[in-house]
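Fold and contact review
Each chain is listed here by its residues.
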Amino acid sequence: MNDLLTGTRVLDLGRFVAGPYCAKLLADAGADVIHVERPGVGDLSRAYGPFAPGDRERRVSATFAFYNADKRAVTLDFQQAAGQALFWELLDWAEIVVENFRPGVLARHGFAADAIQARCPGLVQVSISNYGQTGPYRDFEGTELTLQAVSGLMDGNGADDAEPLRYPQNLAQAWAGSDAAHAALIAYWGALARGRGQQVDVSIMEAVPSSFYSLFADYQYTGGLQKRGQKDQYPTADGALMARYQSTVPWDEFLLAMDAPELALEPDLAPPLGPVLHADRLAEALSVHTRERPSAEWLDRMLAHEIPAGVLQSPAEVLAFPHLAARHFWDSLATPGGPVAFPGDFYRIGPEPRSPRQRVVPALGAHNAAVYCGLLGHTPDDLARWQAQGVL
Amino acid sequence: MPLPLAGIRILDNGIVQAGTFPSRLLADFGAEIVRVENYRSPDLSRNYVFPDGVAAEGYWEMGGTYHEQHRNKTYCVGIDAVTPRGREVFLRIAAACDVVVDSHPPGVLEKLGLGYADLQAAKPDTILLTTSGYGEGGPMSPMRSYGMMTEFMAVSWHNGYAGGPPRRGTIPLTDHPTTYHIAFLILAALVKRRRTGQGGWIDVSQYEVGLNLMGDAYLAHAMGAPVPARAGNVEPGLPFAGCFPCAGQDRWVALAPRTVEAFRALCRLVSLPALAAQDPWAALLSAEADRRLRDAVAAWTAPQDSHAAFLALQAQGIAAGPVQNVRDLLLNPHLEARDFWWLVAHHPRQRAGLRAFPGPAAHFSETPAELHRPAPLLGEHNRQICTGLLGYSEADYNALEASGAVGTRPNAADIIPPAFPQAMRTQMGPWAFGMRAKEIDGERMPRLRARFGPAYGT
């Protein structure tokens, strides 16, 4: 945790990925984030896994841990009157609230955005949903797969002669979570300056294409639609290399880096048209050489020749990558099977390497007493009563 | 109510995408952007995607990628920062801004005498946001990299058809969400400065953004949990999902029933009522039943328009989505109803007329984002910024211009990129001259004009 957002108070009603990732970015930047879950079951991702092989009681779900470590975890049933009263107190406390229920769910429980805004005029309310809070698709069903389809993300992934392909994990949802995080702070900045919050409506369907940076010009200016398939990839002795000729490096230097200086003798392969017109022939000729060395060697070679490139990395290779160790990228998470590497911040503050952190995954309701008694001033007797009633 | 970021000024020294897009996001909500470019060798994104695929005299103002990425940015100043006077102009702009954003490779700013220490000397509470493929520090730091390369390193191993090899998609995946992450950090740094009076330097590794977007998968691997490699078009946790062909060339609909009711509705919809008796959450479908259902769904989708199939599935409560390409998105009724598209009127020298670009995905209830202008021309505001914001006299400004410290014309101004024959466009990569044409749709202009008005595209 760093100190960018120290003192910023965030209520996280998020579930699964999009809302929790938004609140995770805030929490990792130092905000005080209270994650509210349903009593008894909690966020569905607690049960979703995957779990470590020895974790028979399913105590640490990788999905839940990644998105919710270091938040304060409380439970609350806001279908009960006592829970609703507590929920209003939490809203009074918060400066930013993040939710990703289906549109209309909070309103049905008496928490319409306008009603919240009327009572908490300074509050920033961020709602993330599949299609948005308005429009003809508002109440439609969606999953990661179908959202990748409708948002335009899937269209460019896969083989050209096969069905479009879903990207792995919950990429579109995390993508929208990061959109919501920046939007939350835009509205928060306005609220700090002027004392007035507002409602921010972010949809996964829009968050993805809104950040496409050339595809819409491509189509409107040239009629170009992106093509599936992959380019600039070459097999190595143990994996694959991706390297691309570009005009900042001379052609013969590129060929030298690729260990194929003899191709300089074939003028029809030369840029600007050669790599385009004879892409297949060039790829075949380069592949003969790229197969002769392992990926790690190619990566060093491309680095030395200043050729933009990358290699395919398995998760094991990523976990052991010296670059990440040198940057102290990995944090540590305690699990029943011992400490494991936890992906750390993607940024550094100042020129010094970051200090790795010990991450903590809160148990369900772990901070009920700290929040309801310590923060909101209720008594341990109240807490016990609410627990007995199932409010907490 | 004024826009939330009114009063914030940002120096945008980004190149290509990850570094330039965050200031566009903030411009939409009122931040004033001073785009700084090396006018002698301006941004790569100016050199491709020309209107109708044809460059002409003054081509560097016609690049569609530039138009799309820089719409709504306030000013552009063309500087040669290698010259002492050009460097001084850069530093004076930086001193007048709250934030400096840069995405040149690590070390470039320092070499120009414009590193964090220099910027801090010009403005003690400056906020510098830098980004590169691998970040400052670490053995990979000097690596030249684009989004597709960090995607290859961080994401592609996990991406592929079930049982197939790893694949990379077409879009440079890590670039896009990275821009949201960077905008978030710029604002977080502003919040800290407001609280403490301190600025600072934040450096973003695009590779590490990729690792975070896949963070739960890497954590699972670190825990030794079983994680399937390359599962294809499935929905983990759901017993049935897929992507099915529809009528027309390369048209598809993806679907994934989320409940047993939705599963049964699907079985009935595709005329397999016998399967509707099953509960695949209780007992997984047999391979044979799964294949029968897939065949029946494909037979049902095959003659249909993908959008019609999507609506029919949603009407039954079945999660579904047509695989939309950019044309589908431009014509999509839901996005139209939500006013997602911004019609940008371009400068005559940009030769692009009126075009539709995405607005922000965040809809604000009190202060919705506002479109003010197209991408600025190269050096369009040299005089205005120098004599206004920076306080140079007219005579001093004229001397700056005469010395080449500021300018508007690239060194390669006379080398007009060739127009590629139509037949070649099918093979073009975006890094040659930007044609990514798989097909030229003869109906596109009438359809887009019907959608965006008769002035569209003129």
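A few points on the structure. Numbering of residues begins from 1 in every chain and follows the order in which that chain's sequence is written. By the order in which they are written, chains take letters starting at A while ligands take numbers starting at 1. Only residues with pLDDT of at least 70 get local features here, since the model is predicted, and only at 80 or more are side-chain atom pairs given and counted; chain-wide, interface and lining totals rely on the full set of residues. Neither water nor hydrogens contribute to the side-chain values; these are computed over all heavy atoms in the structure.

**Things to note about the side chain of Glu235(B)**
Operational definition: Segments assigned H or I by DSSP are reported as helices when at least four residues long, segments assigned E as strands when at least two residues long, and all are numbered from the N terminus. Contacts described as polar in this section are N or O atom pairs within 3.5 Å, which, within protein, must combine one atom able to donate a hydrogen with one able to accept it, while residues neighboring in sequence count only if both atoms come from side chains. Every residue pair with non-hydrogen atoms within 4.5 Å of one another is taken to be in contact.
Its place among the elements puts Glu235(B) in the loop between helix H9 (215–223) and strand E7 (242–245). A polar side-chain atom of Glu235(B) sits 2.6 Å from the main-chain amide nitrogen of Leu145(A). Glu235(B) has contacts with Thr143(A), Glu144(A), Leu145(A), Arg166(A), Ala241(B) and Ala256(B), leaving out every residue within four places of it along the chain.

**Observations regarding unusual backbone geometry**
Note the following rule: Each residue gets one of three labels from its accessible area relative to the maximum for its type: buried under 20%, exposed over 50%, partly exposed in between, using a 1.4 Å probe on protein chains only.
In this model, Gly49(A) is joined to Pro50(A) through a cis peptide bond whose omega is 0°. Mapped onto the elements, Pro50(A) comes out in the loop between helix H2 (45–48) and helix H3 (62–68). The backbone of Asp70(A) shows a phi angle near 70°, a positive value even though the residue is not glycine. Along the polypeptide, Asp70(A) turns up in the loop between H3 and strand E3 (72–75). Of note in the backbone geometry, Val49(B) takes a positive phi value of approximately 55° without being a glycine. Among the structural elements, Val49(B) can be located in the loop between strand E2 (32–38) and helix H2 (64–70). Val49(B) gets classed as buried once you look at its relative accessible area, which sits at 1%.

**With respect to the sheet that holds strand E1 (residues 9–12) of chain A**
For clarity, the cut-off: A strand pair is defined by DSSP finding two or more bridges across the two strands. With axes taken as lines fitted to C-alpha atoms, and helix axes fitted only over the stretch in contact, angles between N-to-C directions fall between 0 and 180 degrees.
Across the sheet, seven strands lie side by side as E3(A)-E2(A)-E1(A)-E4(A)-E5(A)-E6(A)-E12(B); this open sheet has mixed pairing. In this open sheet, the two strands that pair with only one neighbour each are E3 of chain A together with strand E12 (362–364) of chain B. Averaged over all adjacent pairs, the angle separating strand axes in this sheet is 20°, with direction ignored. Pairing of strand E4 (residues 96–99) of chain A with strand E5 (residues 124–129) of chain A, which is carried by four bridges, proceeds in the parallel orientation. Within E5(A), the residue paired with Val97(A) across the bridge is Gln125(A). Of the strands in this sheet, E1, strand E2 (32–37), E4 and E5 of chain A are in contact with helix H1 (residues 18–28) of chain A, which crosses E1(A) at around 160°. Set on the sheet, helix H8 (residues 171–194) of chain A makes contact with E4, E5 and strand E6 (199–203) of chain A together with E12 of chain B; between it and E5(A) the angle comes to about 165°.

**Brief notes about the sheet that holds strand E12 (residues 347–349) of chain A**
Strand order in the open sheet formed by seven strands is E12(A)-E6(B)-E5(B)-E4(B)-E1(B)-E2(B)-E3(B), and the pairing between neighbours is mixed. Sheet topology places E12 of chain A together with strand E3 (75–79) of chain B at the edges, where each strand pairs with a single neighbour. When the angles between neighbouring strand axes are averaged without regard to direction, this sheet yields 20°. Summarising the sheet, strand E4 (residues 99–102) of chain B and strand E5 (residues 127–132) of chain B pair through four bridges and their orientation is parallel. Considered in E5(B), the bridge of Val101(B) is made with Leu129(B). Here helix H8 (residues 206–213) of chain B sits on the sheet and contacts E12 of chain A together with E5 and strand E6 (200–205) of chain B; the angle it forms with E6(B), its principal contact strand, is near 65°. Packing of helix H15 (residues 382–389) of chain B onto the sheet brings it into contact with strand E1 (9–13) and E3 of chain B, and relative to E3(B) it is tilted by some 95°.

**Digging into the interface of chain A and chain B**
The condition that has to hold: Two parts placed together each lose some accessible area; with a 1.4 Å probe, that loss summed over both constitutes the buried area. Should a side-chain nitrogen of Lys or Arg be within 4 Å of a carboxyl oxygen of Asp or Glu, the pair is scored as a salt bridge.
Contact with chain A, which involves 154 residues of that partner, is made by 176 residues of chain B. If you sort the residues of chain A by the area they bury against chain B, Trp189(A), Tyr213(A) and Tyr221(A) come out on top, with a joint share of 7%. One can count nine salt bridges joining chain A with chain B. The residue Asp201(A) makes a salt bridge to Arg338(B) at a minimum N-O spacing of 3.0 Å. Summed over the shared surface of chain A and chain B, the number is 62 residue pairs in polar contact (both at pLDDT 80 or more).

**A word on the pairing of strand E11 (residues 354–358) of chain B**
Residues and elements named next belong to chain B. For E11, a buried count of five out of five residues is recorded, marking the element as mostly surrounded by other parts of the structure. Across five bridges, the pairing between strand E10 (residues 341–345) and E11 is antiparallel. Across the sheet, Val344 pairs through a bridge with Arg355, a residue of E11.

**Let's talk about the environment of Phe342(A)**
Within the secondary structure, Phe342(A) sits in strand E11 (residues 338–343). Once the C-alpha coordinates of Phe342(A) and Glu317(A) are considered, the two residues, 25 residues apart in sequence, prove to be 15 Å apart. Phe342(A) has contacts with Lys24(A), Ala65(A), Phe66(A), Ala69(A), Phe329(A), Trp330(A), Asp331(A), Ser332(A), Leu333(A), Arg359(A) and Leu219(B), leaving out every residue within four places of it along the chain.

**Here we look at the packing of aromatic side chains**
Residue and element names in this part refer to chain A. Cut-off, in case you're wondering: In this analysis, rings of Phe, Tyr and Trp, with Trp reduced to its six-membered ring, are considered paired at centre separations within 6.5 Å, and the interplanar angle assigns stacked below 30 degrees, edge-to-face beyond 60, and tilted for intermediate values.
In the structure shown here, the tally under the stated rule is 30 aromatic pairs over all chains. Considering the side-chain rings of Trp88 and Phe111, the 5.0 Å spacing of their centres and the 45° angle between planes classify their relative orientation as tilted. On the criterion of sequence distance, the pair formed by Trp88 in helix H4 (residues 81–93) and Phe111 in the loop between helix H5 (105–108) and helix H6 (113–119) is long-range, its members being 23 residues apart. You'll find Trp88 and Phe111 in the same group, each marked buried.

**What to know about the packing of helix H6 (residues 147–154) of chain B against H8(B)**
Residues and elements named next belong to chain B. Basically, it comes down to this: Note on angle classes: values under 35 degrees are labelled roughly parallel, values over 145 roughly antiparallel, values of 65 to 115 roughly perpendicular, and the remainder oblique. Left-handed is the label given to a crossing in which the near helix is rotated counterclockwise from the far helix by less than a right angle, and right-handed is the label when the rotation is clockwise.
Look at H6 against H8: their axes get within 9 Å of each other, and the N-to-C directions meet at 45°. The orientation of H6 relative to H8 falls into the category oblique. In the packing of H6 onto H8, the handedness of the crossing is right-handed. Facing Thr150, Met153 and Ala154 of H6, the residues of H8 in contact are Gln206, Tyr207, Gly210 and Leu211.

So far we have only geometry, and geometry alone does not tell us how the molecule works.
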